[in-house]
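Structural description and commentary
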Amino acid sequence: ASDVYKRQIEDYLKKKELVKLFDFFLGKLSERDRDIFIRRYWYMDPIKKIADRHACGESKIKSILARSRKKLYGLLKEAGYEGE
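Summarised in this report is the structure supplied together with it. (Residues numbered from 1 in each chain as written. Predicted model: local features only at pLDDT ≥ 70, side-chain atom pairs only at ≥ 80, totals over all residues. Heavy atoms only, no water.)

Summing up its helical and strand segments, the protein has four helices and zero strands in all. The order of helices and strands in the protein, counted from the N terminus, is α-α-α-α. Taken over the C-alpha trace, the protein has a radius of gyration of 16 Å; the compact-globule value for 84 residues is 12 Å, which it surpasses by more than 25%. The long-range share in the protein, meaning contacts at least 24 apart out of those at least 6 apart in sequence, stands at 52%. Working note: accessible area of the protein is about 6,500 Å², and carbon and sulfur atoms make up 55% of it. For the protein, the distance from the average position of its 21 positive side-chain charges to the average position of its 14 negative side-chain charges is 4 Å. (Helix = DSSP H or I, 4+ residues; strand = E, 2+ residues; numbered from the N terminus. Rg over C-alpha atoms; globule rule 2.2 N^0.38 Å. Contact = heavy atoms within 4.5 Å. Areas by Shrake-Rupley, 256 points an atom, 1.4 Å probe, with all protein chains shown as cover. Lys, Arg positive; Asp, Glu negative; His and termini not counted. Charge placed at Lys NZ, Arg CZ, Asp CG, Glu CD.)

Right, let's talk about helix α1 (residues 2-28) for a bit. Taking 1.5 Å per residue as the helical rise, α1 with its 27 residues ought to reach 39 Å, and the 39 Å between its terminal C-alpha atoms agrees with that figure. All of the buried residues in α1 are L21, F25 and L26. Where the residues of α1 are buried, they touch α2 (31-41) and α4 (58-78). (Expected span 1.5 Å × (residues − 1). Buried < 20%, exposed > 50% of the residue type's maximum accessible area, 1.4 Å probe, protein only.)

And the structure:
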């Protein structure tokens, strides 16, 4: 039972660390890029809706999202989360 409890604590701490890392990532994005990222990956808004919201083309939104994902991947990799 203590191994299960220990694993639960480790999982909780890992999740807490990921939340802090994600907050840090969002804080580093510009206000516009943060809104685009959250609209797409939290609210699951379609690219078209986000593009209309920001008065730009869909390709611009896709490019911003790709750059943001790359930044997030780099941050996760740096923190040792590669391959998880």
